[in-house]
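Summary of structural features
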Amino acid sequence: LLAILFGISLFFFRGGSRYSNLLNSDNVVAKVSNTPISTTKFNRTLSLNLNQFSQMLGKKITSKEIREFQFHTMTLSALINNAVFENEYDQKNFIIDEKIIAKKTKERLPQIYDSNNNLNESALNSFLSQQGLKIDDLVNIIEFETKAEVFEKVFFQINLPNKVNEKINKHNI
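This one's a predicted model, so the numbers in the text were calculated from it and none came from an experiment.

The rules behind these values
- Residues numbered from 1 in each chain as written.
- Predicted model: local features only at pLDDT ≥ 70, side-chain atom pairs only at ≥ 80, totals over all residues.
- Heavy atoms only, no water.
- Phe/Tyr/Trp six-rings, centres within 6.5 Å; stacked < 30°, edge-to-face > 60°.
- Helix = DSSP H or I, 4+ residues; strand = E, 2+ residues; numbered from the N terminus.
- Buried < 20%, exposed > 50% of the residue type's maximum accessible area, 1.4 Å probe, protein only.
- pLDDT = per-residue confidence, 0-100.
- Contact = heavy atoms within 4.5 Å.
- Salt bridge = Lys/Arg side-chain N within 4 Å of Asp/Glu carboxyl O.

With that settled, the discussion passes to the packing of aromatic side chains. In total, this model carries eight aromatic pairs according to the counting rule given. Between F85 and F151 the ring centres are 6.2 Å apart and the planes differ by 65 degrees, which places this aromatic pair in the edge-to-face class. With a gap of 66 residues between them, F85 in helix α4 (residues 71–91) and F151 in helix α7 (residues 135–156) connect regions that are remote in the sequence. When its relative accessible area of 39% is taken as the criterion, F85 is described as partly exposed. Ring centres of Y89 and F94 lie 5.3 Å apart, and the angle between their planes is 75 degrees; this geometry places the pair in the edge-to-face category. The rings of F85, Y89, F94, F144, F151 and F156 are connected pair by pair, giving a single aromatic cluster.

Take a look at the structure:
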């Protein structure tokens, strides 16, 4: 009996988290290379998507509609796509300076700063609580969006000189 209890305790304390994650409240839904997608991240993204579609339709989405439109699959696909880009950014050592992240955070969330441009801890904690985020999640979101913005500007927004644009426009007419 003691041997069985000992074996079960080893399962829970050593390897059990790999299989059940019973002692950890935030399970990993999927893992793309080194980037885990947690249940918290999945649930938050799913909730945001459902709210967005509810606003567009002007009504609350039913559980039947959630299954029919496959919101779970769309949400997981979007998170996997983001994880692929995160891994690529990491592999290419695409690093954003902390000062830029702080500046972007101030631009996106001015309500968490006081009039002296200092971080207001209570406003930050309130915001994180409302959004269901941890501070690391917020930093990761801002960092990823900043990287994506820079990547898009560098590779997809091609600014040609005016003379070249004029020649292209002449051929388009």
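The next point concerns the confidence of the model for the chain. Caution applies to low-pLDDT parts of the model: their predicted coordinates are not meant to be read in detail. In the predicted model, the chain carries a mean pLDDT of 82, and 87% of its residues have values of at least 70. Scored below 50 in pLDDT, residues 15–24 shows 13 contacts in the model against residues more than four places distant or in partner chains.

For the rest of this paragraph, the subject is the pattern of salt bridges. This model, assessed by the stated rule, comprises nine salt bridges. Across the pair K104 and E107 runs a salt bridge whose closest N-O atoms are separated by 3.9 Å. On the criterion of helical spacing, the pair formed by K104 and E107 is a turn pair, its members being three residues apart in helix α5 (residues 98–108). With its nearest N and O atoms 3.4 Å apart, the salt bridge here joins K147 to E143. Here K147 and its partner E143 are both found in helix α7, four residues apart, which amounts to about one turn of the helix. On the basis of relative accessible area, K147 is assigned to the buried category, the value being 7%.

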